[in-house]
Amino acid sequence: MYRYTDEDRAIIAGARKANKDKRAEKRLYALELRASGKSAKEVAEATGFKEAYIPQLTAKYVKGGIEAISGNHYGGNRRNMSVEKEEELDRKSTRLNSS
């Protein structure tokens, strides 16, 4: 089991103050509770997370730091088709519209 240091607790508290993302807030709150000595079961009950997720959250923090917890992990390209297919569709619709 990971032992949180005073520095860890300060980092987590600082991240909570600076955070503006609701999803990240819940993860940070869970981490803060765990760092304060609460059991995984107590943290799960307080946050609504599954009990098995709490050790995973700690492992994420240990491996990737506070950014692994507080960062927005939902970016990126959400296209359902490739750029080539999109361009092909665009060309076809342009030809149909000009006819």
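Values in this document were obtained by computation on a predicted structure and should not be read as measured data.

**Q** Even after reading the chapter, I still don't get the overall build of the protein chain, so can you show me in this structure?
**A** Helix and strand content of the protein chain: six helices and zero strands. Element order for the protein chain, N to C, with α for helix and β for strand: α-α-α-α-α-α. For the protein chain, the proportion of its 99 residues judged to be buried stands at 27%. A sequence separation of at least 24 residues applies to 46% of the contacts in the protein chain between residues at least 6 apart. In the structure as shown, the protein chain presents an accessible area of about 7400 Å², 51% of it carried by carbon and sulfur atoms.

**Q** Where do I start with the packing of helix H2 (residues 22-35) against helix H3 (residues 40-47) in this structure?
**A** Two quantities define a packed helix pair, namely the angle between the axes and the distance from one axis to the other. Axis separation between H2 and H3 bottoms out at 9 Å; the angle between their running directions is 145°. Classified by chirality, the crossing of H3 by H2 is right-handed. Of H3, the residues touching H2 (which contributes Lys-26, Tyr-29, Ala-30, Leu-33 and Arg-34) are Ala-40, Val-43, Ala-46 and Thr-47. The residue inventory of the contact of H2 with H3, partitioned by class, reads six nonpolar, one polar and two charged.

**Q** Explain helix H1 (residues 6-18) here, please?
**A** Structurally, the α-helix is built with 3.6 residues per turn, so residues lying three or four positions apart point the same way. In this model, H1 (13 residues) spans 18 Å end to end at C-alpha, consistent with the 18 Å of a helix rising 1.5 Å per residue. All buried positions along H1 are accounted for by Asp-8, Ile-12 and Ala-15. Along the axis of H1, the buried positions cluster into a sector of 65°, meaning they face one direction only. Facing away from the buried side of H1, by more than 90 degrees, are the exposed residues Asp-6, Glu-7, Lys-17 and Ala-18.

Reading the values: the criteria
Residues numbered from 1 in each chain as written. Predicted model: local features only at pLDDT ≥ 70, side-chain atom pairs only at ≥ 80, totals over all residues. Heavy atoms only, no water. Helix = DSSP H or I, 4+ residues; strand = E, 2+ residues; numbered from the N terminus. Buried < 20%, exposed > 50% of the residue type's maximum accessible area, 1.4 Å probe, protein only. Contact = heavy atoms within 4.5 Å. Areas by Shrake-Rupley, 256 points an atom, 1.4 Å probe, with all protein chains shown as cover. Axes fitted to C-alpha atoms, helices over the stretch in contact; angles between N-to-C directions. Left-handed = near helix turned anticlockwise from the far one by under 90°. Nonpolar A, V, L, I, M, F, W, Y, C, P; charged D, E, K, R; others polar. Expected span 1.5 Å × (residues − 1). Arc of directions from axis to C-beta.

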